[in-house]
Amino acid sequence: MSDLEILEADINTAIAGADSEAALEDVRVASLGKKGSVSEKMKTLGKMTPEERKEMGPALNGLKNRVADAIAARKTVLKEETLNARLKSETIDVTQPLRAAPTEMGHIHPISQVVDEITAIFADMGFSVAEGPDVETDELNFTALNFPEGHPAREMHDTFFFNENEEGERKLLRTHTSPVQVRTMRTQEPPLRIIIPGRTYRCDSDQTHTPMFHQLEGLVIDKASHIGHLKGTLQEFLKAFFEVDDVKLRLRPSFFPFTEPSMEVDVQCDRSGGEVKIGQGSDWMEILGSGMVHPNVLRNCGLDPDVYQGFAWGIGIDRLAMLKYGMPDLRAFFDGDVRWIKHYGFRPLDMPTLLAGLSK
């Protein structure tokens, strides 16, 4: 047996013994690669005499072609074996129930849903949405809103303060979204009509309070607004939000440093049957605080109170969600319990609109 026949036999044995495409590739490189056994034989042709080349050239080319064909045939077999193995191991049980689509698995948190509902209502009334940072200065959170230094109303807010900086200033987590009112009045010319949904922070925690909660504030500034406009705006909002034909409101005198006069707003409700029904019955429930913007606040924002006036209100978004959708404990909003979000969550593609119905 000649050297070429022995080499071909060894290569064929290696090809037959390759049990994977990676092993077969190693055989190809060892035989036909740049430094492979067949390639090394081909390099010797240059040193042969013309008569030897005439004999060895066709023999080496034939060997090279037969080895390439054998490798290609083995590769086809290995691919089929791999495919068959995958088909056996990756079988699909068609009797199993179909997995729900991502749009069915995911749910919109009630807070996000309520913010979208509120935005849809007030957008229809001509309001725009304003936003601001969660970390605020004492001046914007208190002083500009008519909370003088040492004022007892500052203690009502149970504020989270940061350590003093090099200038002796202490920043804080905003206790209400009212600083955004100041930022807006200082940067935009009246008339203004804005709502401000956002996170707020106070050191408080029980069934109806959490250290971080969501608040909605509204602000209207122009030359002719009055309490009648305030009541009408709130009445239209509550009718649309709770999806009732009519609601009755009761305004009671109260105190807020940034409004004068200030009013607590009660809404008509029915507490019978273990649930609160808005817009019916003979009971009353306090639902928000409101009032006419204090002249000092207007001055602090660079507006002349003899020319401009306005009204503002604030309400808890979490509380609105609890009232509308029957959630008993505010703390569950932030527990991250998948069962809770599956029960109270909303379909992600059902955007609330006034035309189709907010919660339909």
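Just above sits the structure.
Residues numbered from 1 in each chain as written. Predicted model: local features only at pLDDT ≥ 70, side-chain atom pairs only at ≥ 80, totals over all residues. Heavy atoms only, no water.

Trainee: I keep staring at the overall build of the chain and nothing clicks. Help me out?
Mentor: Secondary structure summary: the chain contains twelve helices and eleven strands in total. A globule of 360 residues ought to have a C-alpha radius of gyration of about 21 Å, yet the chain, at 39 Å, is considerably larger. Along the longest, intermediate and shortest principal axes, the C-alpha atoms of the chain span 115 × 60 × 35 Å. Burial analysis of the chain (360 residues in total) assigns 40% to the buried set. Residue pairs in contact within the chain that sit at least 24 positions apart in sequence constitute 65% of those at least 6 positions apart. When the accessible area of the chain is evaluated, it comes to approximately 20300 Å², of which 53% is carbon and sulfur surface. The distance from the centre of the 41 positive side-chain charges to the centre of the 56 negative ones in the chain is 5 Å. (Helix = DSSP H or I, 4+ residues; strand = E, 2+ residues; numbered from the N terminus. Rg over C-alpha atoms; globule rule 2.2 N^0.38 Å. Buried < 20%, exposed > 50% of the residue type's maximum accessible area, 1.4 Å probe, protein only. Contact = heavy atoms within 4.5 Å. Areas by Shrake-Rupley, 256 points an atom, 1.4 Å probe, with all protein chains shown as cover. Lys, Arg positive; Asp, Glu negative; His and termini not counted. Charge placed at Lys NZ, Arg CZ, Asp CG, Glu CD.)

Trainee: Explain the pattern of salt bridges to me, please; I cannot follow it from the model alone.
Mentor: If charged atoms from side chains of opposite charge come close, those side chains can pair. In this structure the tally under the stated criterion is 14 salt bridges. Here Arg199 ties to Asp134 by a salt bridge, and the two come within 3.1 Å at their closest N and O atoms. Here the residue Arg199 occupies a position in strand S5 (residues 192–201), and Asp134 occupies one in the loop between strand S1 (128–129) and strand S2 (135–136), the gap between them amounting to 65 residues. Classification of Arg199 as partly exposed rests on a relative accessible area of 40%. With relative accessibility at 18%, the residue Asp134 sits in the buried group. We note a salt bridge from Glu136 to Arg183, for which the minimum N-O separation is 2.9 Å. Of this pair, Glu136 sits in strand S2 while Arg183 sits in helix H8 (residues 178–187), and the two are 47 residues apart along the sequence. A relative accessible area of 1% places Glu136 in the buried class. Residue classification places Arg183 among the partly exposed positions, given a relative accessible area of 32%. Through salt bridges with shared partners, a single network forms among Glu117, Glu243 and Lys324. (Salt bridge = Lys/Arg side-chain N within 4 Å of Asp/Glu carboxyl O.)

Trainee: Any chance you could explain helix H9 (residues 227–242) here in plain terms?
Mentor: Residue pairs three or four apart in sequence face the same way in an α-helix, which turns once every 3.6 residues. In this model H9 runs 22 Å from its N-terminal to its C-terminal C-alpha over 16 residues, within 8% of the 22 Å that 1.5 Å per residue would give. Of all the positions in H9, only Leu230, Thr233, Leu234, Phe237, Leu238, Phe241 and Phe242 are classed as buried. Seen end-on, H9 carries its buried residues on one side only, within an arc spanning 135 degrees. Looking at the residues trailing H9, positive phi occurs at Glu243, about 55 degrees. (Expected span 1.5 Å × (residues − 1). Arc of directions from axis to C-beta.)

Trainee: What's the story with the nonpolar core in this structure? I'm lost.
Mentor: Most often, soluble globular proteins have nonpolar side chains that are buried together. Grouped together as the largest cluster of nonpolar side chains are 43 residues, with contacts concentrated most on Ile118, Ile287, Trp313 and Leu320. Listed in part, the 24 residues of the second largest apolar core include Ala130, Leu172, Met185 and Val297. (Core = buried A, V, L, I, M, F, W, Y, C linked by side-chain atoms within 4.5 Å.)

Trainee: How do you make sense of empty space enclosed by the protein when you look at a structure like this?
Mentor: To locate leftover empty space, one rolls a probe as large as a water molecule over the atoms. Under the counting rule described, the total for this entry stands at one cavity of 30 Å³ or more. The volume enclosed by the largest cavity comes to roughly 30 Å³. Split by residue class, the lining of the largest cavity holds six nonpolar, two polar and no charged. (1 Å grid on protein atoms, 1.4 Å probe; cavity = no way out; pocket = protein on both sides within 12 Å on 5 of 7 lines; lining within 4 Å. Points joined across faces, edges and corners; volume = space filled by probe spheres on them. Nonpolar A, V, L, I, M, F, W, Y, C, P; charged D, E, K, R; others polar.)

Trainee: What exactly am I supposed to notice about the packing of aromatic side chains here?
Mentor: Any aromatic ring pair is given by two values, namely how distant the centres are and how the planes are angled relative to each other. Inspection of the entire model under this criterion finds 14 aromatic pairs. For the ring pair Trp340 and Tyr344, a centre distance of 5.2 Å and an interplane angle of 50 degrees mean the geometry is tilted. Of this pair, Trp340 and Tyr344 both sit in helix H12 (residues 338–344), four residues apart, which is roughly one turn of that helix. For the pair shown, Trp340 and Tyr344 are each scored as buried. (Phe/Tyr/Trp six-rings, centres within 6.5 Å; stacked < 30°, edge-to-face > 60°.)

Trainee: Just checking my understanding: could you explain the packing of helix H6 (residues 110–124) against helix H11 (residues 317–325) for this structure?
Mentor: The axes of two packed helices give the description: the angle between them and the distance between them. Contact geometry of H6 with H11 gives a least axis separation of 9 Å together with a crossing angle of 95 degrees. For the element pair H6 / H11, the angle class is roughly perpendicular. Between H6, through Ile111, Gln113, Val114, Val115, Glu117 and Ile118, and H11, the contact on the second element is made entirely by Ile317, Asp318, Leu320, Ala321, Lys324 and Tyr325. Residues that form the contact of H6 with H11 fall into these classes: eight nonpolar, one polar and three charged. (Axes fitted to C-alpha atoms, helices over the stretch in contact; angles between N-to-C directions. Parallel < 35°, antiparallel > 145°, perpendicular 65-115°, else oblique.)

Trainee: Any chance you could explain the pairing of strand S4 (residues 170–173) here in plain terms?
Mentor: Bridge count between S2 and S4: two bridges; the pairing is antiparallel. Bridging across to S4, Glu136 finds its partner in Leu172. With two bridges connecting them, strand S3 (residues 161–164) and S4 associate as antiparallel partners. Along S4, the bridge assignment pairs Phe161 with Leu172. Following S3, the chain reverses through five residues before pairing antiparallel with S4; Gly168 in that reversal takes a positive phi of roughly 80 degrees. (Pairing = 2+ DSSP bridges.)

Trainee: Honestly, the environment of Ala130 in this entry has me stumped. Any pointers?
Mentor: Assignment of secondary structure puts Ala130 in the loop between S1 and S2. C-alpha separation for the pair Ala130 and Lys64, spaced 66 residues apart in sequence, amounts to 76 Å. Not counting residues up to four positions away in its chain, the partners in contact with Ala130 are Val180, Thr184, Ile194, Ile195, Ile196 and Pro197.

Trainee: Explanation requested: the packing of H6 against H9 in the structure shown.
Mentor: With their axes 10 Å apart at the nearest point, H6 and H9 run at an angle of 130 degrees to one another. Judged by the angle between their axes, H6 and H9 are oblique. For the crossing formed where H6 meets H9, the hand is right-handed. Residues Val114, Glu117, Ile118, Ile121 and Phe122 of H6 form the contact with H9, whose own contacting residues are Thr233, Phe237, Ala240 and Phe241. (Left-handed = near helix turned anticlockwise from the far one by under 90°.)

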